[in-house]
Amino acid sequence: MAQHSVLFEDHAEPVTVRAGTLLVEAARRAGIEIRQPCGGQGRCGRCAVRVVGGRVRRRSILRLSEEDVAAGYALACQAVVEEDVSVVVPPADQIERRLSTDHVAPEVTVPRGYAREQSQTVERALLRLAPPSMDDQTDDWARLRTALRIQNGIDHLRASLEQIRALGGILRASEWQVGLTYDTAGEPTGSARLIAIGPGAAIAADPLVGLAIDIGTTTVTVLLADLDSGEVLSRAATYNEQITRGEDVISRIIYASSGDGSDELKGLVLETINRLIATVCSKAGIGPGAVVKATVGGNSTMMHLLMGIAAESIRLEPFITSINAPPLLTAREIGFTMCPDGTVDLLPGVASYMGADITAGVLASGLRSSEETTLFIDIGTNGEMVLGSSQWLVSCACSAGPAFEGSGVVHGMRADRGAIEEVWIDGRSFEPTLRVIGEGRPRGICGSGLISLVAEMFITGILDKGGHIDETLDTPRIRRGSHGVEYVVARRDEAADGKDVSITAVDIDNLLRAKAAVYAGFNVLADRVGVDLASVDRVLIGGAFGKYINVEKAVDIGLLPDLAWDRFDFLGNTSVKGAYLSLLDRAAREEVADIASSMTYIELSADNSFYEAFTSAMFLPHTDLSRFPSVEASVT
Amino acid sequence: MQIEIPKDNWQGSVNTVTLGATPEEGGTRTRTVTIGGQQTLPFLHFEQTPPNRPVIALEITAARPGDWSPVLLDAWGDAIDDPGNWAGACESAGADLIVLSLGLTEADGRSADPESAVRATKSTLGGTGLPLIVLGPGQAELDNDFVIAVADATKGERLVLGLCEDSNYRTIVAAAMANDHLVVGRTPMDVNLAKQLNILITDMGLPLDRIVMDPTTGALGYGIEYGYSVMERLRIAALQGDAMTQLPLLVNPGAEAWKTKEAKVGEGVPDSWGKWEERASNWETVTAVALIEAGADIVVLRHPDSVTRVRNALDELMAVG
């Protein structure tokens, strides 16, 4: 048998091995231990090394992209030595980073070719008025409007009583040189609504800024944008204060419908938003009074609670909102701490469970700018999904339950410090390797960790296709606990709180229900328009959950359709991006309105094919295994 | 005028499954029962002559049943106190095979155990030469203990062991694999659930020709339409080529029909309901015949008269022209 030499860089002496030896084995001989969390089955990608001289035969390139392979990367547990080679073993953290870069959402960027004059509805005018005299008896308001008409072509200007009250004083104090900020959004051509008026010089010096806000059920995000340049000046995000009154929209609605609940929730979200406004303004060195506009995305329940509108009908059949497309409001009406007559634009939604977070998300995703059939999804407690292209849009929403948010499972937690976010299980010893947020000891399992864990348990045979734990396997990690059969992910001596972290049969059933509901949603959507899920060109994943999810594992359990990895893209918080684009550009704002009005919404609880699709998805990965060819290949 | 009857040309067919083994085949049965093999929907003789007749099983219990109708107890008389005698009576009544239900208690009130389960099985095998289906008492752990013991003690008989359910199938399937038996799996009236259990069972390595499925049905007037529809959809999927639905179907019109008020109650009902004994057996018969028309390969009955009636109906369904 031929012998070949393998040189590991940083090691002076090459080792000599027989042809056919795996790189991990060669490394072991050289005294280098390469981590293999999946037990050397070529599934986890953690043993990636770079071959810099010679070539190896790759038995599997799972988890490596074409570029990786071109750059010489190979999985050490799957790379067969067939000639002399030299190999670089990258530090473990470097591999982690390379594997997780696809999870990081791109920052918001200014739309190409943004020009305020063409795109922005908020405008400013510096007016010099002729002072009144005994010969010129025109009133202050008419004087202002006439000057504006002559100088800026605005024939009709609307103002609030508060503004009219202050008008005379401002005009005289500024010696008839005033600056005006007004918004033409929602007004007929040649008309505008007055936002602010002040002494000419002062107004002209202020930057023109606006806010893009996403009110998530869990997190609220605020961006402060310069409306002149389009640049984001600062950003901030924090938990929605309402979370202490219920974690999901349903419990918020229930809370709001009793006693002062509605006022209380409105107050809590306003507190959250106003605190964030103060933060972004102080970061940018701008007074909140200079903020002239806010554009807001969020689900229909969040919008109703913000407006103080009863949301009970969202929860109850036939699931009707009070309003999908709110009129333009002012900060004074809604309660934002910014310029009181600044415009507050609550973006339009489609239905109770298809809100402005999704219409804004569809805008931000660019789904409509392509002929390709695209699936846009946002998974949380509710899974919202939109299928379409430039020509058409259909959508539906399903209740996924709290499993993906890390609650509703015995040791579930939010994606926070101490949460297990990824798991690999050795297929022979059934011992897990964990990645924990913050790198400390594990406290619990978050949604992405749960998906990863269940996928690994399934691939290694701990779970059968029905999701039942195989109690006959020889490992102390499978045992009967107080919640029935369970798999111990971290023993108490491995965990942070000295308590076992385990996943129970009930947890697994909850996750199965959640994933089945989501996949059944895809299924119904695709069937309704006669599209084969396998022929979907792109899958765009929005929302915080999507930022951390591992596509391979989500496909393994049948949560996401089995498509080539390069068809998936993670977009991060598309709701705030959509709000930002709508804030800057009137055309984008019109497109959101068009998205909302042209999207066909399917109410799944009224769809008789949903239950069938759901029960067939209540299996790992699916009752119809031919829908998941890549999983079929790895389990048989 | 000649009318050409259009014929379907299906891709798939129902698996052919043989129950029981003769001494030459390693068992002790005087005859075996073969079911399945259909390549068309039920009784479409112009498309295919049915390769095997649907068969009639009679259900017996290891100890005298405490909750059976007096109509049934009267019909079987003293035979009911001994599974061997009862099985013999069933054979005389015209059954094609026997279903032995193991209970939680023995005749003397003691808790049943694996030994008593084996005793009842052996007694049944001694009392009849017909193939046998043995079902546990319906509690996962006991089912497993009893069925393992029975499977070991009857190696080679090609018994059908059950019930496999999605949360409890491994032990029963493993026991069947180790001892040359078959299994029956039951799922609650849903095409997908039936298919899923079949996948789980075959994933363990048990060949498809050793599995029978029970999709659960309701009695006439008590949900039979739903059960009928599930069976029909399973059969259509099978004929369309879906391997995980190509299993022969076993259903329990006896157990279902004898749960109904019409079969159970003899007093305080309108006179127009007719004679109790006849009404009860008719209820069972009509339920069974409807399910046979839906595609049942094995119908499990309880009353001896029903066997005759269902067999008469079957003869007519099997007759060409």
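The structure displayed is predicted, hence computed values, not measured ones.

1. Quick notes on the overall build of chain A
Part 1: Across its full length, chain A holds 21 helices and 29 strands.
Part 2: Among the 636 residues that make up chain A, the fraction classed as buried is 49%.

2. Looking at the overall build of chain B
Part 1: The secondary structure content of chain B amounts to 11 helices and 10 strands.
Part 2: For chain B, whose C-alpha radius of gyration is 19 Å, the value lies close to the compact-globule estimate of 20 Å for 321 residues.
Part 3: Its C-alpha atoms give chain B principal-axis dimensions of roughly 70 × 55 × 35 Å.
Part 4: In chain B, which comprises 321 residues, the share counted as buried stands at 49%.
Part 5: Here the analysis covers contacts within chain B between residues at least 6 apart in sequence; of these, 70% occur between residues at least 24 apart.

3. A word on the interface of chain A and chain B
Part 1: Across the boundary between the two partners, chain A contributes 9 residues, which contact 11 residues of chain B.
Part 2: By residue class, the composition of the side of chain A that touches chain B is 1 nonpolar, 6 polar and 2 charged.

4. Let's talk about the nonpolar core
Part 1: Counting residues in hydrophobic clusters, the biggest one holds 164 residues, and the most contacted among them are A:I277, A:I445, A:V454, A:A520 and A:Y580.
Part 2: Among the elements that line this core, the one with the most residues is helix α15 (residues 505–528) of chain A, at 13 residues.
Part 3: The next biggest cluster of nonpolar side chains, apart from the first, holds 92 residues, and it includes B:A176, B:L200, B:L247 and B:A288.

5. Some remarks on helix α4 (residues 140–153) of chain B
Residues and elements named next belong to chain B.
Part 1: Between its first and last C-alpha atoms α4 spans 20 Å; for 14 residues at 1.5 Å apiece the expected length is 20 Å, and the two agree.
Part 2: Listed as buried for α4 are D143, F146, V147, I148, V150 and A151.
Part 3: Tucked inside the fold, the buried residues of α4 contact α3 (114–127), β5 (132–135), β6 (160–164) and α5 (170–178).

6. Observations concerning the pairing of strand β20 (residues 393–399) of chain A
All names here are of chain A.
Part 1: By the criterion of burial, β20 is predominantly enclosed, with 5 of the 7 residues buried.
Part 2: In terms of strand pairing, strand β19 (residues 382–388) meets β20 through 7 bridges, oriented antiparallel. By the bridge assignment, V386 is partnered in β20 with S395.
Part 3: Linking two consecutive strands that pair antiparallel, namely β19 and β20, is a turn of 4 residues.
Part 4: With 3 bridges connecting them, β20 and strand β29 (residues 600–602) associate as parallel partners. Residue pairing for β29: C396 is matched across the bridge by I602.

7. So, the packing of helix α7 (residues 224–239) of chain B against helix α10 (residues 276–294) of chain B
All names here are of chain B.
Part 1: Put simply, α7 and α10 touch, their axes get as near as 9 Å, and they point 25° apart. Put simply, α7 runs roughly parallel to α10. In this structure, α7 meets α10 at a crossing whose hand is right-handed. Between α7 and α10, the residues in contact are I224, Y228, M231 and E232 and T287, A290, L291 and A294, respectively.
Part 2: For the contact of α7 with α10, a count of residues per class yields 6 nonpolar, 1 polar and 1 charged.

8. Points about helix α9 (residues 261–284) of chain A
Residue and element names in this part refer to chain A.
Part 1: Over its 24 residues, α9 extends 35 Å from the first C-alpha to the last, a length consistent with the 34 Å expected when each residue adds 1.5 Å.
Part 2: For α9, the full list of buried residues reads S262, L265, K266, V269, T272, I273, L276, I277, V280 and C281.
Part 3: For α9, the secondary structure elements touched by its buried residues are β12 (209–215), β13 (219–226), β14 (232–239), α8 (249–256), β15 (291–298) and α10 (300–307).
Part 4: Positive backbone phi, approximately 70°, marks G285, located one or two places after α9.

9. Quick word on the confidence of the model for chain A
All names here are of chain A.
Part 1: Residues of chain A with pLDDT of at least 70 account for 96%, and the chain-wide mean is 90.
Part 2: Looking over chain A, one finds the lowest element-wise mean pLDDT in helix α3 (residues 92–100), namely 49, and the highest in strand β17 (residues 343–346), namely 98.
Part 3: This model gives residues 96–106 a pLDDT under 50, and the stretch forms 10 contacts once residues within four places in sequence are excluded.

10. Overview of the domain arrangement of chain A
Part 1: The domains assigned to chain A are domain 1 (3–101), domain 2 (117–205), domain 3 (209–346), domain 4 (368–402 + 512–635) and domain 5 (406–503).
Part 2: Computed over C-alpha atoms, the centres of domain 1 of chain A and domain 5 of chain A are 28 Å apart.

11. Remarks on unusual backbone geometry
Part 1: Omega for the bond connecting A:E317 with A:P318 falls within 30 degrees of zero, at 0°, which places this linkage in the cis form.
Part 2: Even without being a glycine, B:R158 presents a positive backbone phi close to 50°.
Part 3: The exposure class of B:R158 is buried, given the 25 C-beta atoms found within 10 Å.

12. Re the sheet that holds strand β3 (residues 48–53) of chain A
All names here are of chain A.
Part 1: Sheet architecture is open: 5 strands sit in the order β2-β1-β7-β3-β5, paired in mixed fashion. A strand with exactly one partner marks an edge of an open sheet, and here the two such strands are β2 (15–18) and β5 (73–75). Pairwise comparison of adjacent strand axes, ignoring direction, gives a mean angle of 40° for this sheet.
Part 2: Pairing of strand β1 (residues 3–8) with strand β7 (residues 85–88) involves 3 bridges; the strand directions are parallel.

Calculation criteria
- Residues numbered from 1 in each chain as written.
- Chains lettered and ligands numbered in written order.
- Predicted model: local features only at pLDDT ≥ 70, side-chain atom pairs only at ≥ 80, totals over all residues.
- Helix = DSSP H or I, 4+ residues; strand = E, 2+ residues; numbered from the N terminus.
- Buried ≥ 20, exposed ≤ 12 C-beta atoms within 10 Å, placed from the backbone.
- Rg over C-alpha atoms; globule rule 2.2 N^0.38 Å.
- Contact = placed C-beta atoms within 7 Å.
- Nonpolar A, V, L, I, M, F, W, Y, C, P; charged D, E, K, R; others polar.
- Core = buried A, V, L, I, M, F, W, Y, C linked by C-beta atoms within 7 Å.
- Expected span 1.5 Å × (residues − 1).
- Pairing = 2+ DSSP bridges.
- Axes fitted to C-alpha atoms, helices over the stretch in contact; angles between N-to-C directions.
- Parallel < 35°, antiparallel > 145°, perpendicular 65-115°, else oblique.
- Left-handed = near helix turned anticlockwise from the far one by under 90°.
- pLDDT = per-residue confidence, 0-100.
- Domains from an automatic or database assignment.

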